[in-house]
Amino acid sequence: MIVVDNVSKRFGGRRPVQALAGVSLEVQAGEVFGLIGPNGSGKTTLMSCLLGFLKPDSGHVRVAGLPPDALEVRRRTGYLPERVGYAPELTGEQFLLLHARLAGLTPSEAREKVTSLATQLGLPTETLRRKLRTYSRGMRQRVGMVQALLSEPTFLFLDEPASGMDPEGVILVRQLILAAKARGATVILNSHQLAEIERVCDRVAFVKAGKVVRVETLRGLQLVPYLVRTNPACVGQALAVLDGLGLRPEARGDGEVVAYVDQSRVGDLAPALVAAEVPVLALYPAGPQLEKLFLEGK
């Protein structure tokens with residue numbers, strides 16, 4: 001659905017910056033595709049090229065076979081930028097109704113859609129009637145998320161959508177991303193919130209120094225790190241048992257071993273260790289897999 005072919009982008013000046021260097025990737029229809037990487041790695045520049053805001057110096061981007069700035073693509077695109085800037089004297093309701101009308105909804109459709117999405121994102125009527133200049137960052141992000149979803153876009157681009165939100169807002173954004181996927185939308189998500197990336201993305205690209213250094217499938221692997229605590233003297237034996245199960249174990253010292261295991265096989269760990277006479281003092285999830293992959297990518 002989205003094809004990025006050998007895209008490079010450089011910003012000039014006395015000290016030119018190579019923001020993107022030969023980036024190639026493909027995003028399938030209906031998947032949630034994540035972009036992660038260190039600050040300054042080129043993720044936002046890549047997002048801007050995908051949206052047609054920036055023209056690559058070389059290579060090309062195609063969305064459903066068309067340039068990203070084609071009107072047909074724009075009509076089917078929803079976008080939430082990382083830094084939102086709204087007319088401060090408009091109320092939240094005025095802003096959203098305006099964008100609903102720009103998206104082609106009738107006045108009655110616009111009001112119905114705005115009300116529905118605002119309710120899903122925890123924006124009560126009294127909040128929508130306040131001027132946008134009074135909103136916190138988290139509230140502005142919620143309004144931006146509503147705006148991005150008004151036309152039920154085929155292509156949804158989200159740049160740090162839950163930035164500044166409280167835990168409830170993060171959960172609501174997650175639910176709306178999954179709802180968009182369920183209706184067939186293709187979602188590009190740029191975020192530093194690795195736990196949320198792991199919860200919603202099918203695949204994720206690691207961007208570093210303007211290059212895609214790695215693409216990982218998350219939904220297909222479903223690997224979760226589990227920590228096994230045993231006697232320090234038994235670590236070698238535990239590693240051998242877990243390696244025999246194909247779980248890529250790693251020793252962490254002090255009698256701790258981490259194994260990456262599909263959720264459906266978690267129940268195999270303790271019996272296999274006990275059968276090999278390895279004491280199992282503790283067994284529990286060790287944290288998100290994506291954190292380890294992110295650190296490896298750096």
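These remarks concern the structure in this document.

Before going further, it helps to spend a moment on the sheet that holds strand β8 (residues 203-208). Judged by pairing direction, the sheet is mixed, and its six strands sit side by side in the order β5-β6-β7-β3-β8-β9 without closing on themselves. Looking at which strands have only one partner, the edges of the open sheet turn out to be β5 (77-80) and β9 (211-217). Across this sheet, the average inter-strand angle for adjacent strands is 15 degrees, counted without regard to direction. Of the strand pairs in this sheet, strand β6 (residues 155-159) and strand β7 (residues 186-190) are connected by five bridges, and their pairing is parallel.

This part takes up empty space enclosed by the protein. This model, assessed by the stated rule, comprises four cavities of 30 Å³ or more. When its volume is computed, the largest cavity comes out at roughly 80 Å³. Lining the largest cavity we find Pro161, Ala162, Val170, Val173, Arg174, Ile177, Leu189, Ser191, Gln193, Glu196 and Val200. Among the secondary structure elements, those contributing two or more residues to the lining of the largest cavity are α7 (167-182) and α8 (194-200). Among the elements that take part in the lining of the largest cavity, α7 stands out by supplying four residues, more than any other. Taken together, the residues of the lining of the largest cavity break down into seven nonpolar, two polar and two charged.

Any covalent bond linking the sulfur atoms of two cysteines counts as a disulfide. Under the defined criterion, the tally for this structure stands at zero disulfides. Not part of a disulfide, Cys49 finds its nearest cysteine sulfur in Cys201, a span of 20 Å. The buried category is assigned to Cys49, whose relative accessible area is 1%.

Quick look at the packing of aromatic side chains now. Each aromatic ring pair is characterised by the separation of its centres together with the angle its planes make. One pass over the structure, following the stated rule, counts two aromatic pairs. Arranged with centres 5.4 Å apart and planes meeting at 65 degrees, the rings of Phe53 and Tyr79 form a pair that is edge-to-face. One end of the pair, Phe53, is in the loop between α1 (43-51) and β4 (58-63); the other, Tyr79, is in strand β5, and 26 residues separate them in sequence. Ring centres 4.4 Å apart and planes at 40 degrees place the aromatic pair Tyr86 and Phe95 in the tilted group. Considered together, Tyr86 and Phe95 belong to a single accessibility category, that of buried residues.

This part takes up the nonpolar core. By size, the foremost hydrophobic cluster in this structure holds 45 residues, and its most contacted members are Val143, Met145, Leu158 and Ile177. Among the elements that take part in this core, α7 stands out by supplying six residues, more than any other. Among all residues touching Met145, those that are not within four sequence positions of it are Leu80, Leu121, Leu158, Pro161, Val173, Leu176 and Ile177. Core analysis: the next-biggest nonpolar cluster, separate from the first, contains 22 residues, Leu25, Leu50, Val63 and Phe157 among them.

Rolling a probe over the atoms, with the probe sized like a water molecule, indicates the empty space that remains. Of the volumes computed, that of the largest pocket is approximately 480 Å³. Surrounding the largest pocket, 19 residues form its lining, Arg74, Thr77, Gly78, His99 and Gln147 being those nearest its centre. Of all the secondary-structure elements, those providing two or more residues to the lining of the largest pocket are α2 (71-75), β5, α3 (92-102) and α6 (137-149). For the lining of the largest pocket, the class distribution of residues is eleven nonpolar, six polar and two charged.

Scoring rules and cut-offs
- Residues numbered from 1 in each chain as written.
- Predicted model: local features only at pLDDT ≥ 70, side-chain atom pairs only at ≥ 80, totals over all residues.
- Heavy atoms only, no water.
- Pairing = 2+ DSSP bridges.
- Helix = DSSP H or I, 4+ residues; strand = E, 2+ residues; numbered from the N terminus.
- Axes fitted to C-alpha atoms, helices over the stretch in contact; angles between N-to-C directions.
- 1 Å grid on protein atoms, 1.4 Å probe; cavity = no way out; pocket = protein on both sides within 12 Å on 5 of 7 lines; lining within 4 Å.
- Points joined across faces, edges and corners; volume = space filled by probe spheres on them.
- Nonpolar A, V, L, I, M, F, W, Y, C, P; charged D, E, K, R; others polar.
- Disulfide = S-S within 2.5 Å.
- Buried < 20%, exposed > 50% of the residue type's maximum accessible area, 1.4 Å probe, protein only.
- Phe/Tyr/Trp six-rings, centres within 6.5 Å; stacked < 30°, edge-to-face > 60°.
- Core = buried A, V, L, I, M, F, W, Y, C linked by side-chain atoms within 4.5 Å.
- Contact = heavy atoms within 4.5 Å.

By themselves these figures say nothing about function.
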